[in-house]
Amino acid sequence: LEPGAIIELGEYEQDGNVANGPEPIEWLVLTTEGNEALVISTLGLDTLPYENTKEKADWEGCSVRTWLEDTFYKNAFSYYEKDIIAPKTIIQHKNQGYPYCEQGNDTTDHVFLLSAEEYIEYLYNNQAIDSVNRQGIPSEYARQKNIDIYDYHGGARSWWWLRTSSGYNDKACFVAAMGPSEVYVGYSVNTTGGLIRPA
């Protein structure tokens, strides 16, 4: 595998027609090291707030992390697919725009959101990755769930969450719909309408 390659792994509802079952998930390879690859879904697969019960949250305690591990990971992948998804230590990088913001403890996760730092390194500054992959392209299923839609010449786009906390832990970073370089500001953690792109 090389950066820029597309692979299929797991299944999730994407075409908005639940009756025909879930569709294969496509993943973009961001970087490789040894026998491991870091990948991110090519589409925004669903929409959730970063945190749905509290006014403040960091990655360790947010509800979207719980959803990714307890719902998405358990249901999207087969027993055999889970066997090749390595649990990883997820480092909580500082928010360069809000260096005083506490990021919480490092975690161990199978599936997660990119940090602001990882977005810049692996997507924005990565010459092997086409710029369209920075954009928030929603699945039809996500579009049907009241996401924030912006129509550009390339089609419907939406913003997508990162895991990096912002403000006083009452906000979380996001990538604007067309994938710009500035990602250190954030939306309130309970904001709805943004996409989830698991990594």
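Below: a short report on this structure. (Residues numbered from 1 in each chain as written. Predicted model: local features only at pLDDT ≥ 70, side-chain atom pairs only at ≥ 80, totals over all residues. Heavy atoms only, no water.)

What about the sheet that holds strand β1 (residues 6-12)?
An order of β1-β2-β3 is seen for the three strands of this open sheet, with the pairing classed as antiparallel. Edge positions in the open sheet fall to β1 and β3 (36-41), since each of these has one partner strand only. Within this sheet the neighbouring strands show an average axis-to-axis angle of 45°, counted without direction. The strands touched by helix α1 (residues 63-76) are β1 and β2 (23-33); relative to β1, the strand with the most contacts, the crossing angle is about 100°. Of the strands in this sheet, β2 and β3 touch helix α3 (residues 116-124), which is tilted by about 90° from β2. (Pairing = 2+ DSSP bridges. Helix = DSSP H or I, 4+ residues; strand = E, 2+ residues; numbered from the N terminus. Axes fitted to C-alpha atoms, helices over the stretch in contact; angles between N-to-C directions. Contact = heavy atoms within 4.5 Å.)

Structural notes on unusual backbone geometry
The backbone of Asn146 shows a phi angle near 65°, a positive value even though the residue is not glycine. By the element assignment, Asn146 lies in the loop between α4 (140-143) and β7 (150-152). For Asn146, a relative accessible area of 70% gives the class exposed. Non-glycine residue Asn169 carries a positive phi angle of around 65°. Asn169 sits in the buried class, given a relative accessible area of 15%. (Buried < 20%, exposed > 50% of the residue type's maximum accessible area, 1.4 Å probe, protein only.)

Observations regarding the packing of aromatic side chains
Counted according to the given criterion, the structure contains 16 aromatic pairs. Between Phe72 and Phe77, the ring centres sit 5.7 Å apart and the planes meet at 90°, which makes this aromatic pair edge-to-face. No difference in accessibility class separates Phe72 from Phe77, as the two residues are buried. An angle of 35° between the planes, with centres 5.2 Å apart, marks the rings of Tyr100 and Tyr168 as tilted. Here Tyr168 lies in the loop between β9 (160-166) and β10 (171-175) and Tyr100 lies in the loop between β5 (88-90) and β6 (107-109), a separation of 68 residues in the sequence. Judged by its relative accessible area of 43%, Tyr100 is partly exposed. With a relative accessible area of 58%, Tyr168 lands in the exposed category. The cationic tip of Arg197 hangs over the ring face of Trp160; the distance from NZ or CZ to the ring centre is 4.6 Å. (Phe/Tyr/Trp six-rings, centres within 6.5 Å; stacked < 30°, edge-to-face > 60°. Lys NZ or Arg CZ within 6 Å of the ring centre and 35° of its normal.)

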